[in-house]
Amino acid sequence: MTIKNSDLDFVNIKQSLIEHFGQSEAFSDYDFDGSGLSSILDVLAYNTHINALTANMAINESFLGSAQIRSSVLAHAAALGYTTKSRTSSSALVTLTIDALVGEDVLTLPAGHSFSGDVDELSFTFTNREQSTAFKLNDKFVFENVRIYEGVSKTSTFVFSGEDNAYVIADKNIDTSQMTVKVFSNFNTSQYINYINIENAVTINEDSKVYIIKEISNGYFELFFSDGNVLGQMPTVGSKIQVEYLRTRGPESNGVTSFTAELLNGTRPISTEVISNSAGGSEKESLTQIKRNAPRAFTAQQRLVTADDYENLIKSKFSSHISDVVAWGGQDNIPPEFGKVFVSLNFNGDVDEPTKLATKELISDNLTSNLSIMSIDTKFVDPVDTYLELACTFNIDAAKTVSPEAMQVAVKNVIRSHFDTTLETFDAVFRRSNLLKDIDDLDTAILNSRIDVKGQQRVSIETNLQKDYTFNFPYALAAPDNDDHIITTSIFKYQGLNVYIKNKIGSDVLQIFDLDGVIREKNIGNYIPSTGVVFLSALAVDNIGAMVLKVSVVPANTSTIRPLRNYIINLDDDASYARAVIDLQSTRVLL
Amino acid sequence: MYNIELNPSRNHISFHNSKVAEALPDFYDSEYPLFVKFLETYYDYMDGDANGSFSRLIRDLFHSRDISSLKSSIDNSGNPIHNEFLDSVLEEIGDGLESSSFYNNPRMMTRLIADFYRSKGTQISAEQFFKAFYNEDVEVTYPKKNIFILNDKLGGSLVGPDSLHYIQDDKRYQIFSVLLKTGIPFNDYEELYRKMVHPAGFHLAADVVVQGLAEINVRAGLTTDPLAVAEAPLQLVALASPLAAPLFTLLTMKSTVPVDSTFAVSSAKTLEQYQYMPLSRLNDIHGTVANWVSPASVTMDNDNVLMSDTSYREDADEE
């Protein structure tokens, strides 16, 4: 959004000036195109132009939505109580094994131990942030599920000099989530108190020991403490403030699959088993992200009441692993489960199962347990993929020297790109006309286009086992038709034959046909158009190994496909095609 | 036009006048009056609303985030012109709302919106929501209070419409349920209400309340017109039996003339008080019909008048 309060075009300003002077009695008969006066007007118009530009910029920087300078956006976000996210370190989960020495029963792995790993020929250093202890078992020490973080450990030290002071950490690549702040009462003691980030404080009272960290205009970070009145305990003047943090390279280090640990105490080898690959590294929150997340976090007010609150807070706090979140109350679930809130997380592609599990636990422990309404439980459900099969036909101008084959590839790329950019996430609606517009705009050689849309769901079949299968489509299906089949499936083995399922023409009953079109089973289930349910009853597929059955349907509305809840619309590339038809653009005499 | 309204009692007033003549040496006035006029015309241009004029923008900077100073105006056709600064503030804190989203007084709602967010999920937030967006009253109830529970009282439990106790179901009558009674259709507010107020995990039930009008007849005396002669003594002759099934939940009133016709409608709660009130006591309280119907009346215009589901008729002519 941009607020535009005055015209910034130089020519318009000069013309406007001329008109204004022309309305004045003293200058009404002047020739403003004359060289002398025109030059003066050029100067005035230029002066006006520069000042108007500055004034417009100042106005635009006054609001979060229209601000362009990062420092302005940060300030507006801070006014909403939103702390922008720093870079985050990529992290991995490893299990470490060390051979025991004679007489050694317990072994401690100190925090800060280094591990190295490579991605795309770039080398990264990871460290564990917490000390671990293991007991001897079968002459080995096994440290299970040790989380290691990418980055170089750094330390900044300050002297606390009073309540109004902020302490600048001159580093733009900090991961603030991995920061520790130790307060020593003086420089001669090794005793310290750990202060915690105010973002992680559950309650704050006069004894709380919290710090505030935020990004400042030059990209560095500033550390604050309480004034001793509102935000808990203030360090005593003269205390030593020691800040330990990771300088991270963010997303570059995602995807490390193996690690080499440095020798323990310089002598003892450590064998490393990777439980989950490195993931979750991310850049600083961008301006677009801040503009989107800060207002949403403000509406949530650190409370989890509405379904939107769940989405907003989870997005703002766990975006390094999660690309999208959708939440809905149990009252809207099928079947309803009152007193529950369902949350579905769409993880980034590089996040593996253990990290997904750990993230869900973190959300439960740190967010929903603390901020939701008592007696309301949070239940995580996985996203459900639903697919579209697009049959695109387009006419191309025969007079244009284009290759139909090349155009077909280009159109298919447009379709793929359309899904990549606007779909394949929660709440993303497929609108056929938007895609057709993209295709029509691809090349002047494309005269017109059409797309036939089918929906598709998949299920893994348990072969050689008679079983019911239910497919829930997140939209209504077309009613039975007297000409076309609404439901069709992929081919599978049934009683030794290659067969597939279709609905009986003009009926919602599903039947099994062989490839010659002969009915092999008169009733294997049915479908309910209004609820989008396709039900296969007691289907026994021959044992040919693992297989996926695809059920294709004609939606009731093929122009707009709107997914429900945790459904995500994807494109089935294999079942979709683009076909060019050469159009001679000649008017025919006969049909 | 621009939509900044300055309130002289709370903002600095900007008196803008040209200082060109004062800034220039005195001899410019006498030697080059046209040049002085030229500069004054230029500054006049910059203070106006023309293309590129920026002085106004700079003045607006002081108030662009002052919600109380940002006011919508009306165009020649009577349509509101929304203040873009107010909308920009709302864009930050309103999660998609615009000043036009509110039924009335968007500036006040913008100021209150943080309080509204903090109270979301409460009864107050629901009432605030309907007032802010639809100018409607709402009655928030919890159907869990009407769930039939076996042996919850001595002598046995009741179930059914008479007792207002119902067997638990998977919708309205269960623990996690909220019932809204308001005068607008559910579809009109459901999406926005769920987004902004409704606690996830609770069933949302809604009733549309149709507000009706009922009348009671009260008359003072048989021969004089108490409304015409305000000082006429009040005579309550008889109480009538209930007219009809519950019609409304909100209090309405109506006064009519002439004397032998209907007079006012109030709630049953109020009338029940009269049922057991001696006439002398009624006279002590009100004295005259004029006092009784006056806005200061203790029974007609204060908290004693409660909502009710039933109306009663009192008609002196029935005596």
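Above this text is the structure in question.
Here the structure is a predicted model, which is why all the values come from computation and not from measurement.

Asker: Honestly, the sheet that holds strand β13 (residues 240–247) of chain A in this entry has me stumped. Any pointers?
Answerer: Remark on secondary structure: sheet strands pair via backbone hydrogen bonds, oriented parallel or antiparallel. All names here are of chain A. Spatially, 7 strands are ordered β7-β13-β9-β10-β11-β12-β8 in an open sheet, and the strand pairing comes out mixed. Of all the strands in the sheet, just β7 (152–159) and β8 (167–169) have a single pairing partner and so form its edges. Recorded for the sheet is a direction-independent mean angle of 30° between the axes of neighbouring strands. Where strand β9 (residues 174–184) meets β13, 7 bridges bridge the pair, whose relative direction is antiparallel. What sits directly across from isoleucine 174, in β13, is arginine 247.

Asker: Honestly, the interface of chain B and chain A in this entry has me stumped. Any pointers?
Answerer: Accessible area lost during the coming together of the parts is what is often quoted as the interface size. Tallying the contact residues gives 48 residues for chain B and 55 residues for chain A. Approximately 4400 Å² of surface area, both sides summed, lies buried where chain B meets chain A, with 66% of it carried by carbon and sulfur atoms. The partner of B:Arg194 in a salt bridge is A:Asp332, with the nearest N and O atoms 3.7 Å apart. Our count for the contact surface shared by chain B and chain A stands at 19 residue pairs in polar contact (both at pLDDT 80 or more). Sorting the residues of the side of chain B that touches chain A by element identifies α3 (33–47), α4 (55–61), α5 (84–93), α6 (106–118) and α8 (186–196) of chain B as the ones contributing at least two each. Here the side of chain B that touches chain A takes 8 residues from α3(B), the largest share from any one element. Looking at the side of chain B that touches chain A, its residues break down into 22 nonpolar, 12 polar and 14 charged.

Asker: Even after reading the chapter, I still don't get the pairing of strand β4 (residues 122–128) of chain A, so can you show me in this structure?
Answerer: Residues and elements named next belong to chain A. With 6 bridges connecting them, strand β3 (residues 114–119) and β4 associate as antiparallel partners. What sits directly across from glycine 117, in β4, is phenylalanine 124. The antiparallel hairpin formed by β3 and β4 contains 2 residues in its connecting segment, where aspartate 120 sits at a positive phi of about 50°. Relative to strand β6 (residues 140–150), β4 runs antiparallel, the two sharing 3 bridges. Paired with asparagine 128 across the strands is isoleucine 148, a residue of β6.

Asker: Whenever I open this one, the pattern of salt bridges confuses me. Can you help?
Answerer: Opposite charge on two side chains permits them to pair, given that their charged atoms come into close proximity. Within the structure shown, the criterion is met by 35 salt bridges over all chains. Measuring nitrogen to oxygen at the nearest pair gives 3.3 Å for the salt bridge that ties A:Asp308 to B:Lys195. With one member in each of two chains, A:Asp308 in helix α5 (residues 307–317) and B:Lys195 in helix α8 form a pair that bridges those chains. Here B:Glu190 ties to B:Arg194 by a salt bridge, and the two come within 2.9 Å at their closest N and O atoms. Separated by 4 residues within a single helix, B:Glu190 and B:Arg194 lie in helix α8, roughly one turn from each other. Overall, the relative accessible area of 23% leaves B:Glu190 in the partly exposed class. Connected through shared salt-bridge partners, A:Arg416, A:Asp420, A:Glu424 and A:Asp573 make up one network.

Asker: In this structure, what is going on with the environment of A:Glu222? I would like to understand it.
Answerer: All names here are of chain A. In this structure, glutamate 222 sits in strand β12 (residues 221–225). In the structure, glutamate 222 is positioned 55 residues away from tyrosine 167 in sequence and 5.4 Å away in space, judged by C-alpha atoms. Among all residues touching glutamate 222, those that are not within four sequence positions of it are Ala166, Tyr167, Val168, Ile212, Ile213, Lys214 and Ile216.

Asker: Can you walk me through the packing of aromatic side chains in this structure?
Answerer: Note on aromatic pairs: each is described by the distance of the centres and the angle between the planes. By the definition in use, this model includes 36 aromatic pairs over all chains. For the pair A:Phe160 and A:Tyr167, a centre-to-centre distance of 6.1 Å together with 40° between the ring planes defines the contact as tilted. Exposure class is identical for A:Phe160 and A:Tyr167. Each is buried. A ring pair is formed by A:Trp328 and A:Phe342, whose centres lie 5.7 Å apart and whose planes are at 10°; its orientation type is stacked. With A:Trp328 in strand β16 (residues 322–329) and A:Phe342 in strand β17 (residues 340–347), this residue pair connects regions lying 14 residues apart in the sequence. The same class applies to A:Trp328 and to A:Phe342, which are both buried. Of the aromatic side chains, those joined through ring pairs into one cluster are B:Phe129, B:Phe130, B:Phe133, B:Tyr134, B:Phe186, B:Tyr189 and B:Tyr193.

Asker: Before we go on, may I ask you to explain the packing of helix α1 (residues 10–23) of chain A against α3(B) in this structure?
Answerer: Each pair of packed helices can be described by the angle between their axes along with the distance between the axes. α3(B) packs onto α1(A) with a crossing angle of 120° between their chain directions and a minimal axis gap of 10 Å. Viewed along their axes, α1(A) and α3(B) adopt a mutual orientation that is oblique. For the crossing formed where α1(A) meets α3(B), the hand is right-handed. Listed contacts from α3(B) to A:Ile13, A:Ser16, A:Leu17, A:His20 and A:Phe21 of α1(A) are B:Phe38, B:Thr41, B:Tyr42, B:Asp44 and B:Tyr45. Split by residue class, the contact of α1(A) with α3(B) holds 6 nonpolar, 3 polar and 1 charged.

Asker: Teacher, can you tell me more about the side chain of A:Ser90 here?
Answerer: Residues and elements named next belong to chain A. Looking at where serine 90 falls in the secondary structure, it is placed in the loop between α3 (70–79) and β1 (91–99). At 3.4 Å, the side chain of serine 90 and the backbone oxygen of serine 253 are in polar contact. When near neighbours in sequence (up to four residues on either side) are disregarded, serine 90 contacts Phe126, Ile148, Tyr149, Glu150, Gly250, Ser253, Asn254, Ser278, Ala279, Gly280 and Gly281.

Asker: Could you clarify how one ought to interpret the sheet that holds strand β5 (residues 203–208) of chain B in this entry?
Answerer: Residues and elements named next belong to chain B. Pairing within the open sheet is mixed, and its 3 strands lie in the order β3-β4-β5. Since the sheet does not close on itself, it has two edges, and those belong to β3 (138–141) and β5, each with one partner. Strand-to-strand twist of the sheet, defined as the mean angle between neighbouring strand axes without regard to direction, takes the value 20°. Sheet strands touched by α8: β4 (177–182) and β5. Its angle to β5, the strand with the most contacts, is close to 150°.

Rules and cut-offs
Residues numbered from 1 in each chain as written. Chains lettered and ligands numbered in written order. Predicted model: local features only at pLDDT ≥ 70, side-chain atom pairs only at ≥ 80, totals over all residues. Heavy atoms only, no water. Pairing = 2+ DSSP bridges. Helix = DSSP H or I, 4+ residues; strand = E, 2+ residues; numbered from the N terminus. Axes fitted to C-alpha atoms, helices over the stretch in contact; angles between N-to-C directions. Contact = heavy atoms within 4.5 Å. Buried area = accessible area lost by both parts, 1.4 Å probe. Salt bridge = Lys/Arg side-chain N within 4 Å of Asp/Glu carboxyl O. Polar contact = N/O pair within 3.5 Å; in protein donor to acceptor, adjacent residues only side chain to side chain. Nonpolar A, V, L, I, M, F, W, Y, C, P; charged D, E, K, R; others polar. Buried < 20%, exposed > 50% of the residue type's maximum accessible area, 1.4 Å probe, protein only. Phe/Tyr/Trp six-rings, centres within 6.5 Å; stacked < 30°, edge-to-face > 60°. Parallel < 35°, antiparallel > 145°, perpendicular 65-115°, else oblique. Left-handed = near helix turned anticlockwise from the far one by under 90°.

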